[in-house]
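Architecture at a glance
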Amino acid sequence: MISGTVIVATEICKGCELCIASCPQESLSLSASINRKGYRFAELVQNNCTGCMNCALVCPDSAITVYRQPKAAKQTAKPVLKAQTA
Ligand code: SF4
Ligand code: SF4
């Protein structure tokens, strides 16, 4: 499995919301604050990004960089210590 994350260049973003509409995970939303140009910008609001890259591909300003990494393998359960019987 792959997990991902995105970095938005907030000063480039114009808040068009195309990336938000394209995200199948609903990982993105518009910020409450604005950038220096006066736009609300896209930001990651959930930790469920799969790194699918939809958002980066639709962004007309190339403001999104996607990072992908394999999900850490499940830790094997530690052995349970049994109580000693006499
Ligand atoms: S890479 Fe995919 S899952 Fe992650 S924020 Fe972008 S569209 Fe959503
Ligand atoms: S598609 Fe690009 S410009 Fe539009 S809101 Fe998303 S990051 Fe900003």
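Reference entry: report on the structure contained in this document. (Residues numbered from 1 in each chain as written. Chains lettered and ligands numbered in written order. Predicted model: local features only at pLDDT ≥ 70, side-chain atom pairs only at ≥ 80, totals over all residues.)

1. Focus on the overall build of the chain
Along the backbone of the chain there are two helices and four strands. In the chain, the succession of α and β elements from N to C terminus is β-α-β-β-α-β. Here the chain holds 86 residues, and 15% of them are scored as buried. (Helix = DSSP H or I, 4+ residues; strand = E, 2+ residues; numbered from the N terminus. Buried ≥ 20, exposed ≤ 12 C-beta atoms within 10 Å, placed from the backbone.)

2. Description of the site of ligand 1
Neighbouring ligand 1 are 15 residues; Cys23, Cys49, Cys52, Asn54 and Cys55 lie closest to it. Tallied by class, the residues present in the shell around ligand 1 amount to eight nonpolar, seven polar and no charged. (Near = placed C-beta within 6 Å. Nonpolar A, V, L, I, M, F, W, Y, C, P; charged D, E, K, R; others polar.)

3. Re the site of ligand 2
Within the structure, ligand 2 sits among 15 residues, and Cys13, Cys16, Cys19, Ala42 and Cys59 are positioned closest to it. Taken together, the residues of the shell around ligand 2 break down into eleven nonpolar, one polar and three charged.

4. Observations concerning the pairing of strand β3 (residues 40–44)
On any regular strand, side chains alternate: one points to one face of the sheet, the next to the other face. Bridge analysis of strand β2 (residues 28–34) against β3 gives four bridges, and the strand direction is antiparallel. Across the sheet, the residue bridging to Leu28 is Leu44, located in β3. Between β2 and β3, which pair antiparallel one after the other, the connecting turn spans five residues, and Gly38 there sits at a positive phi close to 90 degrees. (Pairing = 2+ DSSP bridges.)

5. Some points on the environment of Thr10
Along the chain, Thr10 falls in the loop between β1 (2–8) and α1 (18–22). Under the C-beta neighbour-count criterion, Thr10 is labelled partly exposed, with 19 such atoms within 10 Å.

6. Thoughts on unusual backbone geometry
Only a minority of non-glycine residues have a phi that is not negative, and only a minority of peptide bonds are not trans. Positive phi values are uncommon outside glycine, yet Met53 reaches one of about 80 degrees. Among the secondary structure elements, Met53 is positioned in the loop between β3 and α2 (54–58). With 14 C-beta atoms packed within 10 Å, Met53 lands in the partly exposed category. A positive phi angle, close to 50 degrees, is found at Ser62, a residue other than glycine. With respect to the helices and strands, Ser62 occurs in the loop between α2 and β4 (64–70). The exposure class assigned to Ser62 is exposed, which follows from the 10 C-beta atoms found within 10 Å.

7. A word on the environment of Thr65
Relative to the helices and strands, Thr65 is located in strand β4. Distance from Thr65 to Val6, taken between C-alpha atoms, is 5.6 Å for residues 59 residues apart in sequence. Setting aside its immediate chain neighbours within four residues, Thr65 contacts Val6, Ile7 and Ala56. (Contact = placed C-beta atoms within 7 Å.)

Function-wise, these values are silent; they only describe arrangement.
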